[in-house]
Amino acid sequence: MLVAAGAITYAGAGDDGSGVEPPTADSADAGFARDMSVHHQQAVEMSYIVRDRTDDEEVRRLAYDIAQTQANQRGMMLGWLDLWGLPKVSAKPPMTWMDMGDMPTAGEGALMPGMATDKEMEKLGELNGKQAEIFYLQLMTKHHNGGIHMAAGCVERCTVGAEKRLAQGMMRGQQSEIDLMADLLKERGADATP
């Protein structure tokens, strides 16, 4: 059963027996899989932080959904890198596959568009209740906007069909969550800017 599941995953990730070569280490496909895996990991971390710092069921449910969805997607992307025989890290700066490898970071720990800085992550871990909810929703809105930008880059540059479809789904799902977070912020008398 595991062999069959692996074969299905491999076929869905670009090797369908048609003789198409897997992506190279410098390809957009590999770059997106590596960079979005890092991006997603921070979203998972932020989501678990806020779940422990608020009792609000709506925010906790959203955080849980984001954590589960992005952890699953991260696993798929890391699995593809394994199947393609490619490294999970690169010596090149993040976003090189989008011709953005020389971009300045937004601050210490912010490796890619939308990512929170180390100081923002520390602050989130110190807040409680409504303050934690607002800051999380603001950070996650910024995070999702950066993620949508990266996913759009994959839709434009990636060649593996399954990965392009995943990126398109990320764009739709994260935009839907941005809309929900805007409503949650409004209910709390705040906007999307931290």
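Residues numbered from 1 in each chain as written. Predicted model: local features only at pLDDT ≥ 70, side-chain atom pairs only at ≥ 80, totals over all residues. Heavy atoms only, no water.

(A) Quick look at the state of the cysteines. For the coordinates displayed, the defined rule picks out one disulfide. Between the sulfur of Cys154 and that of Cys158 lies a disulfide, 2.3 Å long from S to S. Disulfide Cys154-Cys158: the torsion about the S-S bond is -120 degrees, which places it as left-handed. By the burial criterion, Cys154 is buried, and Cys158 matches it. (Disulfide = S-S within 2.5 Å. Buried < 20%, exposed > 50% of the residue type's maximum accessible area, 1.4 Å probe, protein only.)

(B) Molecular detail of the confidence of the model for the protein chain. Chain-level statistics for the protein chain give a pLDDT mean of 89 and a share of 85% at 70 or above. For residues 1–11, every residue scores under 50 in pLDDT, and the model assigns this stretch five contacts once sequence neighbours within four places are set aside. (pLDDT = per-residue confidence, 0-100. Contact = heavy atoms within 4.5 Å.)

(C) Molecular detail of the packing of helix H2 (residues 28–51) against helix H3 (residues 57–83). Viewed as axis vectors pointing N to C, H2 and H3 meet at an angle of 155 degrees, and their least axial separation amounts to 8 Å. Classified by the angle between their axes, H2 and H3 sit roughly antiparallel to one another. For H2 against H3, the interelement crossing comes out left-handed. Taken together, the residues that form the contact of H2 with H3 break down as 17 nonpolar, seven polar and four charged. (Axes fitted to C-alpha atoms, helices over the stretch in contact; angles between N-to-C directions. Helix = DSSP H or I, 4+ residues; strand = E, 2+ residues; numbered from the N terminus. Parallel < 35°, antiparallel > 145°, perpendicular 65-115°, else oblique. Left-handed = near helix turned anticlockwise from the far one by under 90°. Nonpolar A, V, L, I, M, F, W, Y, C, P; charged D, E, K, R; others polar.)

(D) Focus on the pattern of salt bridges. Counted according to the given criterion, the structure contains eight salt bridges. Residues Glu120 and Lys142 are paired through a salt bridge, measuring 3.2 Å at the closest nitrogen-oxygen approach. Placement of Glu120 in helix H4 (residues 118–124) and of Lys142 in helix H5 (residues 129–157) is noted, with a sequence separation of 22 residues between them. Look at Glu120 and you get buried, because its relative accessible area is 17%. By relative accessible area, which is 29% here, Lys142 ends up partly exposed. Salt bridges sharing partners connect three or more residues here, namely Asp56, Glu133, Glu187 and Arg188. (Salt bridge = Lys/Arg side-chain N within 4 Å of Asp/Glu carboxyl O.)

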